[in-house]
Amino acid sequence: MDVTVAEYIRRTVLKIPRDEIKTMLQKWGFLSETQLQTINFHQIKENISQDVVQLCEENSADIKQAAVLDIIYNHIYPNKRVWSVYQMNKTVVCFSCVTGEETEFFDLTDFKKKFKRRLRSALKNVTINFREYEDNAVWIRIAWGTPYTKPNQYKTSYVVYHSQTPYVFISVSVLKSNLPLLCQALVVASNYHDIHEMELRSHSLNSLKDIVFKRYSQNFQTYYPRPLQERNVAPENGDLRIIQENRNEKERIQRVNQEVFGDGPQPKLEFAQYKLETMFKSDPKMDVLDEKEPFRCLVKFSSPHLLESLKSLAPAGMADAPLSPLLTCIPQKARNYFKIREKKGFFPGSFVSP
C-alpha cells in the first residue's frame, strides 16, 4: 500500500468520533468483520487509526478505497463543509417538465462515463469517485491535481446530484479555479444545456435540499427552540383593558408569525447577506451633494440558526411584526445572497433612503 494512501486513511479515521469508528468502518465494507474484531475500539484514536492502517495494508488498499471512506464520512457529516446550490437548465421546455412528470431514464453508468471523460479531457491528474445513495443522490468526490502534480486528496470538491431534479449541491475546495471544469462536466453528463449558481449557501446540506425541494413547511429539522418565557406579565389587579390589549397584541404577533414562517421548524441557514447597489440622493435644499453618488454597503446577518432567530424576534418584543420581506423571503426565493439595486424613476430628485 502506498505511503500517501496509508496516511490519508489514518487521518480520515482520526476525524471520526471514537464511538462511531466501528460503525463507519462497517459501512465502508473494505475490512472484514473478522478483521474489525481484532481492533480494540476503546483505546485512543491514534492507536485505532494505526490498527486500521495495518489491516488496510494487508488488504492492499489503494486511493479508490480511501476515497470511498472519505465519501462515507462526508455523507454522515455533511455540515463540516459549506455547500452552494446550482440549478441546471435545458434549452427546450419539454412536456414532462411542464406537467411535473419525469420521463427520462437516468443511467448512472452513462453519467459516470461522460463525467469522467469530460473532466479528464481537460485535466489528466484528477481522482474521481462516485457513490449512490437510496434517495437518488449521487455523491461525487473530486481530488484535483495540475498538469505537473498528482491530485491533492486533502483539497477535494464534493458534488451531490439528485438525478431526477435539476439541482446540484457543490462544496468546492480551495482550488476554485477548477469550478468551471466541474460545472461543464455536470452539464454534459446530465444532458443539460447550462448551469448557474442560485446564491444559496449553508453548512446544512439537508436544509438546502428542503428549501429547493419545497419541503421547508414540514417538520424536517431536529432543531426545536425552547419556548419564550413570558415577560412583563401584568399583575392580577391591573387594568383589564391593558391586559386584554396585551393579550390581543400577542395573539396578533403569533398569527402573523405563523402566516410568515409556518408551523414547522425553519431550514438551518447561518447567514443572509445583502449588498446595496443604490445611489445616495440628497434634497437640493439641503445642499449636501451636488451630484448623485453611489452608495455601496454590505449588510450581513449571522446566527447559528438564522431563520429561527428571525422567527423569534417579534414574539420576544425585539422587532415589529411582520418582519421586512427582505428577511422573510429567504426560503421562498431560495437564496441568502441579495443585491438591492436602484429603482428607476423612483422619487426623482428627492432623498431616497438607500
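Residues numbered from 1 in each chain as written. Predicted model: local features only at pLDDT ≥ 70, side-chain atom pairs only at ≥ 80, totals over all residues. Heavy atoms only, no water.

1. Structural notes on the nonpolar core
If you look at the biggest cluster of nonpolar residues, it comprises 56 residues, and the most contacted ones within it are Ile9, Trp28, Val52, Trp139 and Phe169. The element best represented in this core is helix 5 (residues 63-76), accounting for six residues. Filtering out sequence-adjacent residues up to four positions away, tryptophan 28 remains in contact with Ile9, Cys56, Gln65, Ala66, Val68, Leu69 and Ile72. With 26 residues, the next largest nonpolar core counts Leu123, Leu186, Val187 and Tyr192 among its residues. (Core = buried A, V, L, I, M, F, W, Y, C linked by side-chain atoms within 4.5 Å. Buried < 20%, exposed > 50% of the residue type's maximum accessible area, 1.4 Å probe, protein only. Helix = DSSP H or I, 4+ residues; strand = E, 2+ residues; numbered from the N terminus. Contact = heavy atoms within 4.5 Å.)

2. What to know about the environment of lysine 343
Inspection of the secondary structure assignment puts lysine 343 in the segment after strand 9 (337-341). For lysine 343, a relative accessible area of 60% translates into the label exposed. Through-space distance from the C-alpha of lysine 343 to that of methionine 279 is 9.7 Å; in sequence the pair is 64 residues apart.

3. What about the side chain of arginine 81?
Within the secondary structure, arginine 81 is located in the loop between helix 5 and strand 1 (83-89). Summary of buried charges: arginine 81 has no salt-bridge partner, and the nearest side chain of opposite charge, aspartate 70, is 5.6 Å away. (Lys, Arg positive; Asp, Glu negative; His and termini not counted. Salt bridge = Lys/Arg side-chain N within 4 Å of Asp/Glu carboxyl O.)

4. Side note on the packing of helix 1 (residues 3-15) against helix 5
Helix 5 packs onto helix 1 with a crossing angle of 15° between their chain directions and a minimal axis gap of 10 Å. On the basis of their axis angle, the class for helix 1 and helix 5 is roughly parallel. Where helix 1 crosses over helix 5, the two elements pack in a sense that is left-handed. Mapping the contact onto sequence places Val5, Tyr8, Ile9, Thr12, Val13 and Lys15 in helix 1 and Ile63, Ala66, Leu69, Asp70 and Tyr73 in helix 5. Taken together, the residues of the contact of helix 1 with helix 5 break down into eight nonpolar, one polar and two charged. (Axes fitted to C-alpha atoms, helices over the stretch in contact; angles between N-to-C directions. Parallel < 35°, antiparallel > 145°, perpendicular 65-115°, else oblique. Left-handed = near helix turned anticlockwise from the far one by under 90°. Nonpolar A, V, L, I, M, F, W, Y, C, P; charged D, E, K, R; others polar.)

5. Things to note about helix 10 (residues 240-261)
When the terminal C-alpha atoms of helix 10 are compared, their 31 Å separation across 22 residues agrees well with the 32 Å that a helix rising 1.5 Å per residue should span. Taken as a whole, helix 10 has its buried residues at Ile243, Ile253, Val256, Asn257 and Phe261. Angular distribution of buried residues about the axis of helix 10 spans 160°; they occupy a single face of the element. Relative to its buried face, helix 10 has exposed residues pointing more than 90 degrees away, namely Leu240, Arg241, Glu245 and Glu259. Where helix 10 terminates, the next one or two residues include glycine 262, which has phi positive at roughly 80°. (Expected span 1.5 Å × (residues − 1). Arc of directions from axis to C-beta.)

6. Let's talk about the packing of aromatic side chains
Taken as a whole and assessed by the stated rule, the structure comprises 17 aromatic pairs. Seen in terms of ring centroids, tryptophan 28 and phenylalanine 30 are 5.1 Å apart; in terms of plane orientation they differ by 35°. Their pairing is tilted. Here the two residues tryptophan 28 and phenylalanine 30 agree in accessibility, since each one is buried. Judged by centre distance (6.1 Å) and plane angle (20°), the ring pair of phenylalanine 111 and phenylalanine 115 falls under stacked. Separated by four residues within a single helix, phenylalanine 111 and phenylalanine 115 lie in helix 7 (residues 108-122), roughly one turn from each other. Overall, phenylalanine 111 belongs to the buried group, its relative accessible area being 1%. One aromatic cluster is present, built from ring pairs that chain together Phe106, Phe111, Phe115, Phe130 and Tyr161. Between lysine 90 and the ring centre of tyrosine 192, over which it is positioned, the NZ or CZ distance is 4.2 Å. Sitting over the face of the ring of phenylalanine 271, lysine 300 holds its NZ or CZ atom 4.8 Å from the ring centroid. (Phe/Tyr/Trp six-rings, centres within 6.5 Å; stacked < 30°, edge-to-face > 60°. Lys NZ or Arg CZ within 6 Å of the ring centre and 35° of its normal.)

Read these as geometric descriptors, not functional statements.
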